[in-house]
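Here are the chains, one letter per residue:
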Number of protein chains: 2
Amino acid sequence: MLTQKRKHYILEVLQRNGHVVAKTLAMELGLSEDTIRRDLRELAKDGQLQRVHGGALPASAAVADYAARQSISEQGKRAIGQAAASLIQPGQIAILDGGTTAVQVARQLPLNLAATIVTHSPSVAMELINHAQLDVILIGGKLYKHSMVTMGTAALAALTHIRADIFLMGVTGVHPDAGLSTGNLEEAYMKRALSEHAAETFVLASQEKLGVASPYVIMPMAEVHGLVVEASVATAQLTPFVEMGLSIIKPSPL
Amino acid sequence: MLTQKRKHYILEVLQRNGHVVAKTLAMELGLSEDTIRRDLRELAKDGQLQRVHGGALPASAAVADYAARQSISEQGKRAIGQAAASLIQPGQIAILDGGTTAVQVARQLPLNLAATIVTHSPSVAMELINHAQLDVILIGGKLYKHSMVTMGTAALAALTHIRADIFLMGVTGVHPDAGLSTGNLEEAYMKRALSEHAAETFVLASQEKLGVASPYVIMPMAEVHGLVVEASVATAQLTPFVEMGLSIIKPSPL
DNA sequence: CTTGACTCTGCACGAATATGCGCGTATTCT
DNA sequence: AGAATACGCGCATATTCGTGCAGAGTCAAG
């Protein structure tokens, strides 16, 4: 195995799991721990990760920690991203919504996943340039700067030719009675349209969105197949959705 | 086996597997490792892949590559960007090509410019989020990762509804006789189509592209209205273009 | 047809790089 | 404190690399 490839692999595992263990890596890759340790040392010298006893952590524990504390939901969004990413099977066509949570999903997709990702968000598209096996289809149209996605008739027209297996939707409100909602009328229409062009729709529902309703309704909960939520969400908060027959996807624990 | 054929094969394997190993290739092709290594070295020099110990990786781990290209003659590109940006008048509809030079143009656009920018490059689109007065239309389609633009039939279809005032085109070769050229067939078609949907076409021609021809021809020089070049370009290098009736746009000195 | 310039390929050899092992030391856990 | 584990360093070995060189093939001018 090529040294560079190995380092990439290490960084990938690190990004996905939040940590790596030297011994585990050695076994996974069938190499001596010395080699792994050498890699870790070099990556650490390049500032790509932070060396700790037994393995390594993401580059700046300080920064990561600071960021984590500053926006609590950042951690959660990443976990959601990981769980949502695992919903996309090789060979499938998946629609990825815009927004920061969706960017997290893109970031958590395995580097070697072979699938097709449809998105109307340039930022999501940019996240995917490193995924060699991924086909990326960008939905064009008028760019709405506040949410950094394309919408409008041109975007709807571009959608007509697409039938996806799964749609991962970002929203600002998930309420048992009020349904899914967002803060912008155009967005509501767009998300609904995206949903209609996918066989299944899953909602990326970070903690603070559960039980909340925003001004513009996208569609009722009944039309959704499942919610992707953080591990820390109380079961009580989810029961109304479970009773409606929705699947609940949670991140796998470390 | 022909050298070209062999290199093509190497790139193909590289794209499929995400890496190539010198030893393996030598066995597969029944050649000495020396030959393979020579090929790899040359492909690396052309920027088609990235050489590492034991084999090679795709050139466009994109990040490194894109970042690297970004810094090539950055000074000149910024100047060109400034000059090109000044071509876009308030109220106009302008098409902006992809590529690092075009990103520079986007970056140099006045923050208060009120116009419409059409682009098939997500990176250009991202540059423009801070321009409140700017309408941004993104051309969708299949995303080609090496050059970070959308192309293909979907992109062409999206274009049909658009008539722009001006198109700022990025190329890799500008030659008096050979015309405008680029390193990718699909790109050549796309650029030509973009040009056909604009009243005027100007070419972003940084120093190193003048007098150079790339494999795929976009169109003859006669169909272009002008070149945007760096201030430092020798007049002699431009005379053939001037004689053909092209306007030459140079950055205004500081 | 011949000759000379040029290109491509494989081989040889010294240099550079990567990997695994041993061993003494440092860190962590109980 | 003592055991277990992880660490870093030096060294030996195995690949891999780059370069110089020679033979084979190609092409075009004479």
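For the structure itself, consult the block above.
Residues numbered from 1 in each chain as written. Chains lettered and ligands numbered in written order. Predicted model: local features only at pLDDT ≥ 70, side-chain atom pairs only at ≥ 80, totals over all residues. Heavy atoms only, no water.

Novice: Describe the interface of chain B and chain A, with residues and values.
Specialist: Taken residue by residue, the interface counts 37 residues in chain B and 27 residues in chain A. The junction of chain B with chain A conceals about 2,400 Å² of combined surface from both sides, 69% of it contributed by carbon and sulfur atoms. Its largest share of buried area at the contact with chain A, chain B owes to Met126, Leu138 and Lys145 of chain B, together 24% of the area lost on that side. Linking chain B with chain A are 2 salt bridges. For Lys142 of chain B, the salt bridge goes to Asp135 of chain A, with nearest N and O atoms at 3.2 Å. Between the two partners, chain B and chain A, sit 10 residue pairs in polar contact (both at pLDDT 80 or more). Elements that contribute at least two residues to the side of chain B that touches chain A include exactly helix H1 (3-17), strand S1 (20-21), strand S3 (55-58), helix H7 (122-127), strand S6 (135-138) and strand S7 (141-144) of chain B. (Contact = heavy atoms within 4.5 Å. Buried area = accessible area lost by both parts, 1.4 Å probe. Salt bridge = Lys/Arg side-chain N within 4 Å of Asp/Glu carboxyl O. Polar contact = N/O pair within 3.5 Å; in protein donor to acceptor, adjacent residues only side chain to side chain. Helix = DSSP H or I, 4+ residues; strand = E, 2+ residues; numbered from the N terminus.)

Novice: Go over the protein's contact with DNA strand D, please, and point to the residues and values.
Specialist: Taken together, 19 residues lie near DNA strand D, and Arg37, Arg51 and Gly54 of chain A together with Arg37 and Gly54 of chain B sit nearest. The protein-proximal atoms of DNA strand D, defined as those within 4 Å of the protein, are 83% sugar or phosphate. Within the side chain of His53 of chain A, one N or O atom sits 3.2 Å away from a sugar or linking oxygen of DNA strand D. With respect to DNA strand D, the backbone of Gly54 of chain B contributes an N or O atom lying 2.7 Å from a phosphate oxygen. If you list the elements that add at least two residues to the surface near DNA strand D, you get helix H3 (33-45) and strand S2 (49-52) of chain A together with helix H2 (22-29), helix H3 (33-45) and strand S2 (49-52) of chain B. For the surface near DNA strand D, the per-class residue count stands at 3 nonpolar, 6 polar and 10 charged. (Near = heavy atom within 4 Å. Nonpolar A, V, L, I, M, F, W, Y, C, P; charged D, E, K, R; others polar.)

Novice: Tell me about the protein's contact with DNA strand C, and please be specific about residues and values.
Specialist: Taken together, 17 residues surround DNA strand C, and among them Arg6, Thr35 and Arg38 of chain A together with Arg6 and Thr35 of chain B come closest. Take the atoms of DNA strand C that sit within 4 Å of the protein: sugar and phosphate atoms are 56% of them. One of the side-chain nitrogen or oxygen atoms of Arg6 of chain A is found 2.7 Å away from a phosphate oxygen of DNA strand C. Residue composition of the surface near DNA strand C, grouped by class: 3 nonpolar, 8 polar and 6 charged.

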